[in-house]
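Spelled out from the first residue to the last, the chains are:
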Amino acid sequence: MLHHLPVPCLDEVRAIARYAPRLLVFLYYSLDNRPFYYRWALQAVTLARTILCQIRGLGFLAVVLLAGCGVYLQTVGGVGAVC
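This structure is a prediction, so every number in the text was calculated from the model and none was measured. (Residues numbered from 1 in each chain as written. Predicted model: local features only at pLDDT ≥ 70, side-chain atom pairs only at ≥ 80, totals over all residues. Heavy atoms only, no water.)

J.: Outline the overall build of the protein chain, supporting the account with residue identities and numerical values.
T.: For the protein chain, the count of helices and strands is three helices and zero strands. Starting at the N terminus and ending at the C terminus, the protein chain contains elements arranged as α-α-α. When the accessible surface of the protein chain is summed, it comes to about 7700 Å², and 68% of that surface belongs to carbon and sulfur atoms. (Helix = DSSP H or I, 4+ residues; strand = E, 2+ residues; numbered from the N terminus. Areas by Shrake-Rupley, 256 points an atom, 1.4 Å probe, with all protein chains shown as cover.)

Pasting the structure below:
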């Protein structure tokens, strides 16, 4: 609950970091002033993450490869690209 401290959060994270070899810090963003589709996008990503976390072994590899190729093809601009 670093955001409730009366000091800058980043300073506290730096102070805490010296006590552990790795430090995981969660950041969150309020969607209060954003359009409705931001919430929809967040819900879609959360659903996808929930489903992907349940896939194990070769199924996970297949999903990751297909998704990666899909994103790659969209990025480079078309079907002519080889994944």
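J.: Talk me through a nonpolar patch on the surface; I want residue IDs and the actual numbers.
T.: There is a patch of nonpolar side chains on the surface, built from Ile16, Leu23, Val25 and Leu27 and spanning about 390 Å² of accessible area. Take Ile16: it is sitting in helix H1 (residues 9–17). Residue Ile16 is classed as partly exposed on the basis of its relative accessible area, which comes to 38%. (Patch = residues over 30% accessible without salt bridge, like charges linked within 9 Å, V, L, I, M, F, W, Y side chains within 5 Å. Salt bridge = Lys/Arg side-chain N within 4 Å of Asp/Glu carboxyl O. Buried < 20%, exposed > 50% of the residue type's maximum accessible area, 1.4 Å probe, protein only.)

J.: Requested: an account of the packing of aromatic side chains, with residues and values cited.
T.: A complete count under the given rule lists three aromatic pairs for this structure. The interplanar angle of 80° and the centroid separation of 5.7 Å between the aromatic rings of Phe36 and Tyr37 together place this pair among those described as edge-to-face. What makes Phe36 exposed here is its relative accessible area of 52%. Its relative accessible area of 48% is what places Tyr37 among the partly exposed residues. Between Phe36 and Trp40, the aromatic rings sit 4.7 Å apart at their centres with planes inclined by 75°, giving edge-to-face as the arrangement. In this pair, Phe36 and Trp40 are both assigned in helix H2 (residues 36–54), four residues apart and thus about one turn of the helix distant. (Phe/Tyr/Trp six-rings, centres within 6.5 Å; stacked < 30°, edge-to-face > 60°.)

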